[in-house]
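Residue-level structural notes
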Amino acid sequence: MTDQKRVIVLLGKPGAGKGTQGAALSKAFGWAHISTGDLLREEMLRDTADGVKLRGIMERGQLVSAEIVVPILCRKIEATEASGVILDGFPRNLAQAELLAQNGVVVTDVLYFDVEDDEVISRLSGRWIHKPSGRVYHEVNNPPKVSGIDDVTGEQLVKRSDDSRDVIAKRLDVYRSETQPLLSYYEGLKGVQLHQLDVSHKAISVIQESVLSIFQR
Ligand code: AMP
């Protein structure tokens, strides 16, 4: 399905910076940045029976079933004409990785962001988002000029409902048990280039330089 496309999987804990760095990669190379979290949040807003079900699962920090996520993702990959796709938040477990392969999507690169739990908790619990643009702020590290207001549009910022401390803890548990094993899976998979970055206590701009340089080589 992805013929000659470069397919880059962003792997790392929630709050590792996959969204931010995925957006930078997309801008630099023209690749499509596909976040399954964003796709599911869009789906959730549709007031359908599935949307209501999704809301409950996501607000508890659990994983949505592969039967729902995989078709949404594959439709999105198929619709893109970019020469590369950046998968942000997918796969989340081995079953999803295998389904992706079965759907003909060949992963070429895995970018693993290694970050400590303490930093994840501080990043996510202080995160504010401008929904229409996806701009992300942090109340301490990257505050907006006026508290609660987007710098560019003057619109209200919001908190993600799963960025509360107890749900962050749950998301980290799910990451450890379900997603972390993907690192050894991709390490052992022929044809995949694995790039590892330590992103704890580093500025976004410094991490971005390292990320871009990997693909400029
Ligand atoms: P994210 O925006 O990547 O932090 O994802 C937010 C939430 O969306 C997760 O906690 C899950 O409930 C759901 N989600 C996102 N991607 C997936 C996926 N690949 N499989 C299952 N659930 C997902």
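Throughout what follows, the structure given in this document is the object of discussion.

Conventions used here
- Residues numbered from 1 in each chain as written.
- Predicted model: local features only at pLDDT ≥ 70, side-chain atom pairs only at ≥ 80, totals over all residues.
- Heavy atoms only, no water.
- Core = buried A, V, L, I, M, F, W, Y, C linked by side-chain atoms within 4.5 Å.
- Buried < 20%, exposed > 50% of the residue type's maximum accessible area, 1.4 Å probe, protein only.
- Contact = heavy atoms within 4.5 Å.
- Helix = DSSP H or I, 4+ residues; strand = E, 2+ residues; numbered from the N terminus.
- Pairing = 2+ DSSP bridges.
- Phe/Tyr/Trp six-rings, centres within 6.5 Å; stacked < 30°, edge-to-face > 60°.
- Expected span 1.5 Å × (residues − 1).
- Near = heavy atom within 4 Å.
- Polar contact = N/O pair within 3.5 Å; in protein donor to acceptor, adjacent residues only side chain to side chain.
- Areas by Shrake-Rupley, 256 points an atom, 1.4 Å probe, with all protein chains shown as cover.

The subject of this paragraph is the nonpolar core. Counting residues in hydrophobic clusters, the biggest one holds 34 residues, and the most contacted among them are Ile34, Leu87, Val107 and Tyr186. Excluding residues within four positions of it along the chain, Leu87 makes contact with Val7, Ile8, Val9, Leu10, Ile34, Leu73, Ile77 and Leu100. In this structure, Leu10, Ile86, Leu111 and Leu197 belong to the second largest nonpolar core, which totals 20 residues.

We now examine the pairing of strand E3 (residues 84-88). Taken across its five residues, E3 has five buried, putting it largely inside the fold. The alternating pattern of E3 places Gly84, Ile86 and Asp88 and Val85 and Leu87 on opposite faces, both of which are buried. Of the pairings in the sheet, the one linking strand E1 (residues 6-12) to E3 comprises five bridges and is parallel in character. The residue bridging Arg6 from the neighbouring strand is Gly84, located in E3. Sheet analysis places strand E2 (residues 32-35) next to E3, joined by four bridges and oriented parallel. Residue pairing in the sheet places Ala32 in a bridge with Val85 of E3.

A few words on the environment of Asp150. Among the structural elements, Asp150 can be located in the loop between strand E6 (135-138) and helix H7 (165-179). Along the chain, Asp150 and Ile129 lie 21 residues apart, while their C-alpha atoms are 8.3 Å from each other. When residues no more than four places from it in sequence are discounted, the contact partners of Asp150 are His130, Arg135, Tyr137, Glu155 and Leu157.

Our next topic: the packing of aromatic side chains. For the structure shown, the criterion picks out four aromatic pairs. Consider the rings of Tyr185 and Tyr186, whose centres lie 4.9 Å apart with planes at 70 degrees: the pair is edge-to-face. Accessibility expressed as a relative area gives 2% for Tyr186, which makes it buried. Among the aromatic residues, those joined into a cluster by ring pairs are Phe29, Trp31 and Phe215.

Since the α-helix advances by 3.6 residues per turn, residues separated by three or four positions end up pointing in the same direction. The end-to-end C-alpha separation of helix H1 (residues 18-29) is 16 Å, in line with the 16 Å expected for twelve residues at 1.5 Å each. For H1, the complete set of buried residues consists of Lys18, Gln21, Gly22, Ala24, Leu25 and Ser26. In this fold, the buried residues of H1 make contact with E1, E2, E3, strand E4 (109-114) and helix H9 (204-216).

Here we come to the site of the ligand. Around the ligand, a shell composed of 16 residues is seen, among which Thr36, Arg41, Gln62, Gly89 and Gln96 lie nearest. Within the backbone of Gln62, a nitrogen or oxygen atom sits 2.5 Å from an oxygen atom of the ligand. Between an oxygen atom of the ligand and a side-chain N or O atom of Arg160, the distance comes to 3.0 Å. For the ligand, the accessible surface in isolation is 480 Å², of which the surrounding protein chains cover 95%.

In this section: the pairing of strand E5 (residues 127-130). The sheet contact formed by E5 and E6 spans four bridges and is antiparallel. Paired with Arg127 across the two strands is His138, which belongs to E6. Linking two consecutive strands that pair antiparallel, namely E5 and E6, is a turn of four residues; a positive phi of about 85 degrees is found at Gly134 within it.

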